[in-house]
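Survey of secondary and tertiary structure
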Amino acid sequence: TEIKNDFINNMTHELKTPISSISLAAQMINDDSVPKTPAMQKHLGTVIADESRRLRFLVEKVLQMSMFDRKTASFKKKELDLNELLEQIASTFSLRVEHTGGKIYMQVEAVDSAIYVDEVHFQNAITNLMDNAVKYRKPNEPVNIKICTWNDEDGKRLCFSIADNGVGIKRENVKKIFDKFYRVHTGNVHDVKGFGLGLAYVKKIINLHDGTIRCESDLGKGTKFIVSLPVLQENAN
């Protein structure tokens, strides 16, 4: 019962994130002082559409989570382009990042960027990493996020990283962050709630796609997540 309550509390927090993005976009639409250029209107409409879809994904995640505990997870895999997926997610987060005065930087170097993944869960995993970057920023400072993609030297792995300039994590805590329900102590921060299911979920999803994830972090400087995935072979089924 305790674990179930923790999960419900955590999911309630995760559901608040897209709601806050939709709310911010709605405020900007209704704010007469914000210039409504066609580009801005299109961007706000895209944010609302993307975040509404993410809400549906999160509801799906709640339904799927029990499957993971029973080890009967069913994936609906399809071919996607990692570079395009990351650019789409970056666009969704740009409003929240720019609201802090920061920016998202993309460094796309992967040539073989096709992946065979479950769109709902894989996109959720990346969104979790981006969400942490925004959530654990330094108070009253712009958050800058750098997203990179590349192929490893032998061409068999496709890699990407998400790095931020946020509060960072103590070295002794880095190895614990993927544990279920583990949360790094953030001091007296009342606006950051949840029970740390996010990174345990991310690791499980990456592992179930035959991938690996690791974290590098310096307290006070920022955090970087590096993910490695198998390149989609022509004969993937």
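For the structure itself, look to the data block above.
Residues numbered from 1 in each chain as written. Predicted model: local features only at pLDDT ≥ 70, side-chain atom pairs only at ≥ 80, totals over all residues. Heavy atoms only, no water.

Further remarks concern the nonpolar core. Membership of the largest hydrophobic core comes to 40 residues, with the highest contact counts inside it found for F122, I126, M130, I145 and F160. Breaking this core down by element, the ones donating at least two residues are α3 (82-99), β3 (114-118), α4 (119-135), β4 (145-151), β5 (157-164), α6 (197-208), β6 (212-218) and β7 (222-230). Residues A25, M28, L44 and L95 belong to the second largest nonpolar core, which totals seven residues. (Core = buried A, V, L, I, M, F, W, Y, C linked by side-chain atoms within 4.5 Å. Buried < 20%, exposed > 50% of the residue type's maximum accessible area, 1.4 Å probe, protein only. Helix = DSSP H or I, 4+ residues; strand = E, 2+ residues; numbered from the N terminus.)

With that settled, the discussion passes to the sheet that holds strand β2 (residues 104-108). One open sheet accounts for five strands, arranged β2-β4-β5-β7-β6; its pairing is mixed. The open sheet has two free edges, formed respectively by β2 and β6, since each of these has just one partner strand. In this sheet, adjacent strand axes meet at a mean angle of 10° when their direction is disregarded. Sheet topology places β6 next to β7; seven bridges connect them, and they run antiparallel. Pairing of T212 across the sheet is with S228, part of β7. Across the sheet, α3 is in contact with β2, β4 and β5; its angle to β2 comes to roughly 170°. (Pairing = 2+ DSSP bridges. Axes fitted to C-alpha atoms, helices over the stretch in contact; angles between N-to-C directions. Contact = heavy atoms within 4.5 Å.)

In terms of backbone geometry, most residues other than glycine have negative phi values and most peptide bonds are trans. The phi dihedral of N140 falls on the positive side, at around 60°, and the residue is not glycine. Within the fold, N140 resides in the loop between α4 and β4. Under the relative-accessibility criterion, N140 is labelled exposed at 79%. In the Ramachandran plot, D210 falls in the positive-phi region, its phi being about 60° despite a non-glycine side chain. Looking at the element boundaries, D210 is found in the loop between α6 and β6. Using a relative accessible area of 55% as the deciding quantity, one classes D210 as exposed.

Attention now goes to the packing of aromatic side chains. As enumerated under the stated definition, the model contains one aromatic pair in all. With centroids separated by 6.2 Å and ring planes inclined at 75°, the aromatic side chains of F178 and F225 adopt a geometry described as edge-to-face. Of this pair, F178 sits in the loop between α5 (171-174) and α6 while F225 sits in strand β7, and the two are 47 residues apart along the sequence. Under the relative-accessibility criterion, F225 is labelled buried at 5%. (Phe/Tyr/Trp six-rings, centres within 6.5 Å; stacked < 30°, edge-to-face > 60°.)

Along its 18 residues, α3 runs 26 Å from first to last C-alpha, staying within 8% of the 26 Å computed at 1.5 Å per residue. Along its length, α3 shows its largest kink, about 45°, at F93. Among the residues of α3, those classed as buried are L82, N83, L85, L86, I89, A90, T92, F93, S94, L95, R96 and V97. The N-terminus of α3 is capped by D81, whose side-chain oxygen sits 2.9 Å from the backbone nitrogen of N83. Of the residues flanking the end of α3, it is G101, one or two places downstream, whose phi is positive at about 95°. (Expected span 1.5 Å × (residues − 1). Bend = angle between axes of the 7 residues up to and from the residue. Polar contact = N/O pair within 3.5 Å; in protein donor to acceptor, adjacent residues only side chain to side chain.)

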